Amino acid sequence: MSDAEWKNRCGSEWGLLGAPMPDGLDWKSVYEAKPFGRNLLRNPSPFGLSKDIPPHKPDLPDEPDFGPPRFQPDEDFSGWTTNTEVLPYDRSGIPAGAVVCQLPQYSWFSLEQLVDLKAEGLWEELLDNFQPEIHIQDWYEESQLHDSIYQLQVKLLGADKSTVISEYTTSPTEDRSRYSRAWKEVSHVFCSYGPGDDGHNHTQQNASHGQLKRTLGESRKN
């Protein structure tokens, strides 16, 4: 198949009517990369769980574990940069002179990943001029651990990998008066984000105390 035929195949199958499609690209490689309609994250489910399966009830020991806190889960985080930030003890609300035997220790467990959109098969003219929508979706498990257990931050970066073209941040608040043990979705669509977008930075944070929560991320064009 000729390069022109590969180019026409990309345009017709992906609905790129009116999109810039320069002749200098290797359209066979672009087609095989399939940058549209798929999850662009590497290892999108590092905790090995799925939103299509209800969260399981954790097995609680008969006796409390008095060992050191376990802040980072033993899962497959290949493709992600992880970080654990241990938070100071919350002593608010403790009356003066009260004797406290033990306080819970909390932490933020963060996962971060940089996705190079051009390396995934998109091209500069498309991102600068046509600007396809970039869909972000993530799921986390509802919890009664704290009012704020989850944060999501996504940045669309320029070619220098530092200039922020557009940004989305959310930190939902939990309603701890009810508890359904279900996955909760967060989503956002980037559109008309301006020229210069070559990649995006995807950061997830989960509050932890004992078992950590699972996250998924997705970047795609419908």
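This text follows the structure it describes.
Residues numbered from 1 in each chain as written. Predicted model: local features only at pLDDT ≥ 70, side-chain atom pairs only at ≥ 80, totals over all residues. Heavy atoms only, no water.

Student: Talk me through the overall build of the chain; I want residue IDs and the actual numbers.
Tutor: Regarding its fold elements, the chain presents three helices and eight strands. For the chain, the N- to C-terminal ordering of α and β elements is α-α-β-β-α-β-β-β-β-β-β. A buried classification covers 40% of the 222 residues belonging to the chain. Counting every atom, the chain has about 12300 Å² of accessible surface; 49% of that belongs to carbon and sulfur. (Helix = DSSP H or I, 4+ residues; strand = E, 2+ residues; numbered from the N terminus. Buried < 20%, exposed > 50% of the residue type's maximum accessible area, 1.4 Å probe, protein only. Areas by Shrake-Rupley, 256 points an atom, 1.4 Å probe, with all protein chains shown as cover.)

Student: Run through the packing of aromatic side chains, naming residues and quoting values.
Tutor: Scanning the model with the defined rule gives eight aromatic pairs in all. Ring centres of Trp14 and Phe36 lie 5.1 Å apart, and the angle between their planes is 65 degrees; this geometry places the pair in the edge-to-face category. Here the residue Trp14 occupies a position in helix H1 (residues 3-14), and Phe36 occupies one in the loop between helix H2 (27-33) and strand S1 (81-86), the gap between them amounting to 22 residues. Accessibility assignment for this pair places Trp14 and Phe36 in one class, buried. Relative to Tyr150, the ring of Tyr140 lies with its centre 4.3 Å away and its plane at 5 degrees, an arrangement referred to as stacked. Taken as a pair, Tyr140 in strand S3 (residues 134-141) and Tyr150 in strand S4 (residues 150-157) lie far apart in primary sequence, 10 residues in all. Of the two residues, Tyr140 and Tyr150, both sit in the buried class. Three or more aromatic residues joined by ring pairs make a cluster, and in this case those are Trp6, Trp14, Tyr31 and Phe36. (Phe/Tyr/Trp six-rings, centres within 6.5 Å; stacked < 30°, edge-to-face > 60°.)

Student: Tell me about the pattern of salt bridges, residues and numbers included.
Tutor: Applying the stated rule across the entire model yields eight salt bridges. Notably, a salt bridge pairs Arg38 with Glu120, separated by 2.7 Å at the nearest N-O pair. Remark: Glu120 occurs in the loop between strand S2 (107-116) and helix H3 (124-130) and Arg38 occurs in the loop between H2 and S1; sequence separation between them is 82 residues. Accessibility expressed as a relative area gives 26% for Arg38, which makes it partly exposed. Judged by relative accessible area, which is 17%, Glu120 ranks as buried. Close ionic contact of Lys161 with Asp116 constitutes a salt bridge, the shortest N to O distance being 4.0 Å. (Salt bridge = Lys/Arg side-chain N within 4 Å of Asp/Glu carboxyl O.)

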